Amino acid sequence: MAAAQTTLPTVFSGSPSGWDASLYAFLAEKQRRSGSLRTPDSYYRTLRHFFGSIQKSPDQVSPQDVFCFAHGVGLSGREPSPTTVSARICCLSSFYKFLIRLDLLTSNPCDPVDRPRIQPSAPRGLTASQVQQLVGVIPDSVKGRRDRAIVLTLVLTGRRRSEVINLNAGDISFEESAVFYLYLGKGGVRGRRELPRPALVAIQRSLADVGKDLSSMQPSESLWQAGAGPSGVTASTFYNRFRTYLRLADLPPSGLHVLRHTAAKLRRDVGESVESVSQFLDHSSLAVTTTYLRRLEGQRDVAWQGVACVLGLS
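Now for a description of the structure that goes with this document. (Residues numbered from 1 in each chain as written. Predicted model: local features only at pLDDT ≥ 70, side-chain atom pairs only at ≥ 80, totals over all residues. Heavy atoms only, no water.)

1. Some details on the packing of helix H11 (residues 258-269) against helix H12 (residues 274-281)
Part 1 of the argument: At a closest axis distance of 10 Å, the pairing of H11 and H12 adopts a crossing angle of 155 degrees. The pairing of H11 with H12 is recorded here as roughly antiparallel in orientation. Of the two possible hands of crossing, H11 and H12 adopt the one that is right-handed. Between H11 and H12, the contacting residues are Arg-260, Ala-263, Ala-264, Arg-267 and Arg-268 on the first element and Val-274, Val-277, Phe-280 and Leu-281 on the second.
Part 2 of the argument: Its residues assigned to classes, the contact of H11 with H12 comprises six nonpolar, no polar and three charged. (Axes fitted to C-alpha atoms, helices over the stretch in contact; angles between N-to-C directions. Helix = DSSP H or I, 4+ residues; strand = E, 2+ residues; numbered from the N terminus. Parallel < 35°, antiparallel > 145°, perpendicular 65-115°, else oblique. Left-handed = near helix turned anticlockwise from the far one by under 90°. Contact = heavy atoms within 4.5 Å. Nonpolar A, V, L, I, M, F, W, Y, C, P; charged D, E, K, R; others polar.)

If you want it as structure tokens, here you go:
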């Protein structure tokens, strides 16, 4: 994060100011909590666009400024979707809440601005046969074996993209008959879980392609070096390759988060309880998991056959 900050241009003025320092502190907190540079980068782009367009410092911003920005036409020339409007307001509001916590401001100009009602899209999880289709199109090459290891780790652990892509050799530990991995989860929470054997075998095979072995690697070395260099594969590079594999497997286009949905779906399919899935996903409460699974699995209709019979339609 420090390296990224040194390249950030000033946002609120022509020279570095206290507001700029507050912005950097805000981005640093976002990076620490998310464990990924992707999150602060997204916040930074939105904040830079907003303050660059209105040419005001944070203490001069009005609710009208927020409204006009949130609903304004973007670079695409199209009206923003409700999701985009909500995301813009959420980003600005998060920054102002941070400034209020630091006692730099006393009010949030986003509070009076209504956020649009968003109809959440239904999560999608792959079936077991679809996962087999996906894995089946990944080529048996150095990069392919690395990608297969990443896919299997995502599906078998249910971890988020950054949590898996950021795994290093030092995060893996062998203890008697089990192998464990450490990860930095959402909100900066650290976890330690057993690494499923098929994922471990795939990782070891991929590392062997570049003459590496977990027992002799430096703790800071990436698990995903094959075909990518010592620092490993980037999240964006793997995302692009994943989209290609989906297309080759004749599966709907999707982001990598579909594999987290898949992990939850498959665990429910083999009889895991909601409580177990909640713990597996590191959800904050059972209510979150219940909603998550209800949207993922759909609501079964157990009465339609009886109604159809009464109507003479069976």
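On we go from here.
2. Observations concerning the side chain of Ser-86
Part 1 of the argument: Inspection of the secondary structure assignment puts Ser-86 in helix H5 (residues 82-101).
Part 2 of the argument: Taking the relative accessible area as the measure of exposure, Ser-86 reaches 16% and is therefore buried.
Part 3 of the argument: Once residues within four sequence positions are removed from consideration, Ser-86 is found in contact with Arg-115, Pro-116 and Ile-118. (Buried < 20%, exposed > 50% of the residue type's maximum accessible area, 1.4 Å probe, protein only.)

3. Digging into the environment of Asn-240
Part 1 of the argument: When you line up the elements, Asn-240 lands in helix H10 (residues 235-248).
Part 2 of the argument: Linking Asn-240 and Leu-256, residues 16 residues apart in sequence, is a C-alpha distance of 9.9 Å.

4. A short note on the sheet that holds strand E3 (residues 190-194)
Part 1 of the argument: The strand order across the open sheet built from three strands is E1-E2-E3, with neighbouring strands paired in antiparallel fashion. Each of the sheet's edge strands pairs with one partner strand only, and the pair in question is strand E1 (172-175) and E3. Adjacent strand axes in the sheet meet at a mean angle of 25 degrees when their direction is disregarded.
Part 2 of the argument: In terms of strand pairing, strand E2 (residues 178-184) meets E3 through five bridges, oriented antiparallel. Considered in E3, the bridge of Leu-184 is made with Arg-190. (Pairing = 2+ DSSP bridges.)

5. Notes on the packing of helix H3 (residues 38-54) against H5
Part 1 of the argument: Where H3 meets H5, the closest approach of the two axes is 10 Å, and the angle between their N-to-C directions is 90 degrees. Taken together, the axis directions place H3 and H5 in an arrangement best described as roughly perpendicular. Here Tyr-43, Thr-46, Leu-47, Phe-50 and Phe-51 of H3 lie close against H5, whose contacting residues are Cys-91, Leu-92, Ser-94, Phe-95 and Tyr-96.
Part 2 of the argument: Looking at the contact of H3 with H5 residue by residue, the classes come out as eight nonpolar, two polar and no charged.

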